[in-house]
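# Summary of structural features
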Amino acid sequence: MESSEYDIGFFLSDPAFVDWVKNPAETKNYHWQRWLEQHPEARDSFYEARAIILGVDYRSSDRIGARKEEILRNVLGEKPVLHRKKQRLRTTSLYPLIFRGAAAVLILFLLATFMYKTGQLSDAKKQPAETALVTKFSPKGQKMSFYLPDNSRVILNAGSALRYPVKFSSGKRVVYLEGEAYFDVQHDSVKQFIVSSGEINTTVHGTAFNVRAYRGEEMSIALERGSVSVETVSDDTTSFFLSPGEKLRVSDNFRLSGKSHFDFEEELGWKEGILVFRDAGMDEFVRRIERWYDVNITVKNLEGRSLEVTGSFKNQSLKTVLESLEFTSGVAYRVQGREVVIYPDNKNGNSIRTN
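Here is a short report on the structure shown in this document. This one's a predicted model, so the numbers in the text were calculated from it and none came from an experiment.

### A closer look at the pattern of salt bridges
In total, this model carries 13 salt bridges according to the counting rule given. The residue E267 makes a salt bridge to K247 at a minimum N-O spacing of 2.6 Å. Taken as a pair, E267 in helix α8 (residues 264-268) and K247 in strand β12 (residues 246-250) lie far apart in primary sequence, 20 residues in all. The exposure classification of E267 matches that of K247, with both residues buried. Among the salt bridges present, the one from D294 reaches R338, with a minimum N-O distance of 3.0 Å. With D294 in the loop between α9 (282-293) and β15 (296-299) and R338 in the loop between β17 (331-336) and β18 (339-344), this residue pair connects regions lying 44 residues apart in the sequence. Overall, the relative accessible area of 27% leaves D294 in the partly exposed class.

### Thoughts on the packing of aromatic side chains
Ring pairs (aromatic) are described by centroid distance and by the angle formed between their planes. Per the counting criterion, the structure on display carries 14 aromatic pairs. Considering the side-chain rings of Y6 and W35, the 5.1 Å spacing of their centres and the 90 degrees angle between planes classify their relative orientation as edge-to-face. Of this pair, Y6 sits in the segment before α1 (8-12) while W35 is found in helix α3 (residues 26-38), placing the two residues 29 residues apart along the sequence. You can call Y6 buried: its relative accessible area is 10%. Each ring, one from F146 and one from Y164, has its centre 6.1 Å from the other, and the planes form 20 degrees; the classification is stacked.

### Let's talk about helix α10 (residues 318-329)
The terminal C-alpha atoms of α10, which comprises twelve residues, lie 16 Å apart, in line with the 16 Å expected from a rise of 1.5 Å per residue. All buried positions along α10 are accounted for by L318, V321, L322, L325, E326 and S329. The buried residues of α10 occupy one face: seen down the axis, they fall within an arc of 140 degrees. Seen from the buried face of α10, the exposed residues on the opposite side, beyond 90 degrees, are F327 and T328.

### Points about the sheet that holds β17
Spatial strand order, β15-β18-β17: three strands in an open sheet with mixed pairing. Strands at the two margins of the open sheet, each flanked by one partner only, are β15 and β17. Strand-to-strand twist in this sheet, taken as the mean axis angle between neighbours without regard to direction, amounts to 20 degrees. The pairing of β17 with β18 spans six bridges and is antiparallel. The residue of β18 that forms the bridge with V331 is P344. Of the strands in this sheet, β15 and β18 touch α9, which is tilted by about 160 degrees from β15.

### Some thoughts on the packing of α9 against α10
For any two helices packed against each other, one specifies the inter-axial angle together with the distance between the axes. Axis separation between α9 and α10 bottoms out at 12 Å; the angle between their running directions is 170 degrees. Between α9 and α10, the angle is such that the two are roughly antiparallel. At the point where α9 passes α10, the crossing takes the left-handed sense. Listed contacts from α10 to M282, F285, I289 and Y293 of α9 are L318, V321 and L325. Of the residues in the contact of α9 with α10, the class split is seven nonpolar, no polar and no charged.

Rules of the game
- Sequence positions are assigned chain by chain, starting from 1 and proceeding in written order.
- Residue-level local features of this predicted model are given only where pLDDT is at least 70; pairs of side-chain atoms are given and counted only at 80 or more, and the full residue set underlies all totals for whole chains, interfaces and linings.
- Heavy atoms throughout the structure, all of them, feed into the side-chain values; hydrogens and water do not.
- Criterion for a salt bridge: a side-chain nitrogen of Lys or Arg within 4 Å of a carboxyl oxygen of Asp or Glu.
- Only DSSP runs of H or I reaching four residues or more are called helices, and only runs of E reaching two or more are called strands; each is numbered from the N terminus.
- Each residue's exposure class comes from its accessible area (1.4 Å probe, protein chains only) as a fraction of the maximum for that residue type: buried when under 20%, exposed when over 50%, partly exposed otherwise.
- Stacked, tilted and edge-to-face pairs are distinguished by plane angle, under 30 degrees for stacked and over 60 for edge-to-face with tilted covering the rest, among Phe, Tyr and Trp rings (Trp via its six-membered ring) whose centres lie within 6.5 Å.
- In this analysis, the expected span of each helix is defined as 1.5 Å times one less than the number of residues it contains.
- What the arc describes is the spread of directions from the helix axis to the C-beta atoms.
- For two strands to be treated as a pair, DSSP must find at least two bridges joining them.
- Axis definition: a line fitted to C-alpha atoms, limited for helices to the stretch in contact. Angles are taken between N-to-C directions and run from 0 to 180 degrees.
- Contact criterion: two residues are considered in contact whenever any of their non-hydrogen atoms come within 4.5 Å of each other.
- With respect to orientation, any angle under 35 degrees is reported as roughly parallel, any angle over 145 as roughly antiparallel, any angle of 65 to 115 as roughly perpendicular, and every other angle as oblique.
- Two helices crossing with the near one rotated counterclockwise from the far one by less than a right angle form a left-handed crossing, whereas a clockwise rotation gives a right-handed crossing.
- Polarity classes work like this: nonpolar for Ala, Val, Leu, Ile, Met, Phe, Trp, Tyr, Cys and Pro, charged for Asp, Glu, Lys and Arg, and polar for all others, with Gly in that last group.

Shown next, in the form of structure tokens:
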């Protein structure tokens with residue numbers, strides 16, 4: 001099919017596309033994400049059609065003709081608008097309207113005069129209107145997927161929060177992240193997209209990348225496609241530019257941060273329910289398990305023991321992960337509700353478990 005045919009009408013009349021927008025699922029998301037990667041020229045029509053189905057005021061768009069509105073009404077199951085014959089209004093029926101309008105104008109005038117004299121109106125002019133921020137929070141044990149006002153897609157990992165404006169009205173699209181999130185950014189050649197994580201800013205135009213910025217842990221940025229630059233708020237003279245497949249580990253001394261290639265499953269697998277450990281110490285293992293399964297872990301009597309955990313778990317239960325740890329690391333565990341205790345295995349190699 002010619003690329004010119006991928007217009008808004010094409011998507012609105014495609015039952016599979018409409019079903020995906022109304023009932024998103026991981027398998028459908030993957031299909032349309034790959035489709036869009038293969039047809040980048042259709043990106044604008046793709047996202048505009050999606051916004052239309054989600055209820056944006058499509059009738060105000062001059063890109064949608066009468067035929068496309070008809071298609072949309074059929075897709076959404078709307079009844080056609082019936083044009084009624086105009087009725088002649090009597091002249092006398094206008095007087096109450098005129099009277100009420102005049103009264104409303106008079107009230108507004110008096111109110112404005114009062115506010116001006118008391119200084120309220122002049123003060124309001126001096127204070128710029130603040131842009132309201134939306135906060136999305138994904139608690140421990142859960143993940144969250146949603147779209148930003150510019151149709152950029154975000155997946156929040158467990159124990160993460162993202163703040164962003166209700167509308168990107170300024171020259172930049174700035175969001176504020178604490179925790180971990182995957183971004184698939186809608187391309188905009190005018191408005192830069194910036195992820196602010198404490199003192200670190202990650203700047204893009206249109207790309208897909210992952211930012212891990214949990215408080216008290218090492219921060220990293222991993223780029224799936226496109227390009228990003230990373231810099232600090234206090235020092236914009238030092239920037240790191242990433243290419244697809246590269247990861248930046250952010251050091252306390254930003255200038256000493258280092259780039260390397262990364263394993264996609266290890267960095268991005270969490271989006272698909274894959275938990276990956278590569279030579280992880282016990283502290284890292286505990287932090288990630290607590291977030292992933294929303295539990296509290298206590299480690300007892302393992303001081304001085306060097307434990308490294310390696311493994312990949314896709315949509316596995318907490319019990320399966322702990323049993324793997326028990327088998328490979330020679331420790332035992334006990335589970336009581338949301339409380340988990342990890343301790344040395346006894347001499348017989350048996351462990352005590354309460355589920």
